[in-house]
Amino acid sequence: MIYTLITLTAAALLVAIDQGIKAWAASALAPVGNMPLLPGVIELRFHLNTGAAFSMLEGKQTFLILFTGAALLAVAWYLLFRRPKKRVEYIGWLLVLAGGLGNLIDRVLHGQVVDYFNFLFMNFAVFNFADVLITTGIGLLLLSLLLELLAERKNARAAADSAPEADDGAV
């Protein structure tokens, strides 16, 4: 019960932060278009995205809503009922869930997602806090997988080193 409460509270808090920043961007940033955050590095730029990452599937809102909704249901089920044992994996899935929900709310309510972070030193897509959560979550999931593979390799090597030598009967 406490696990479920912590998971739902953490996801809701992250979604609320995301939605709050997007509401601020729509009210304060939209009228001016952009403003510097770190001059020459990153600016806040109001941008509406009707696609997914890097504007892929632009204008395919129904598909994006259905696909994202199904994927997030699977993530929520995994988090709440399978309960990842490794903290890095748990946090990764939690961040993916919260970020996905934040952007899904925008798609369902507004038909588009509010983006606002824009790198000035390279050509990159404008993105938002929910995108940061998703990307960080995926990075943590990859890290968890890598750590698990390294542990398995280490255990296999240790097992091979401690196995008794086979006696083939040769003299």
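Keep in mind it's a predicted model, so treat the numbers as computed, not measured. (Residues numbered from 1 in each chain as written. Predicted model: local features only at pLDDT ≥ 70, side-chain atom pairs only at ≥ 80, totals over all residues. Heavy atoms only, no water.)

Enquirer: What am I meant to see in the environment of Ala 160 here?
Expert: Residue placement: Ala 160 occurs in helix α4 (residues 129–162). The exposure class of Ala 160 is exposed, given its relative accessible area of 54%. Separated by 131 residues in sequence, Ala 160 and Leu 29 place their C-alpha atoms 61 Å apart. (Helix = DSSP H or I, 4+ residues; strand = E, 2+ residues; numbered from the N terminus. Buried < 20%, exposed > 50% of the residue type's maximum accessible area, 1.4 Å probe, protein only.)

Enquirer: I keep staring at the packing of aromatic side chains and nothing clicks. Help me out?
Expert: One pass over the structure, following the stated rule, counts 10 aromatic pairs. Ring centres 5.8 Å apart and planes at 15 degrees place the aromatic pair Phe 63 and Phe 67 in the stacked group. Here Phe 67 and Phe 63 lie together in helix α2 (residues 61–82), a separation of four residues that amounts to about one turn. Residue classification places Phe 63 among the partly exposed positions, given a relative accessible area of 46%. Geometrically, the ring pair formed by Phe 119 and Phe 121 is tilted, given 5.2 Å between the ring centres and 55 degrees between the ring planes. (Phe/Tyr/Trp six-rings, centres within 6.5 Å; stacked < 30°, edge-to-face > 60°.)

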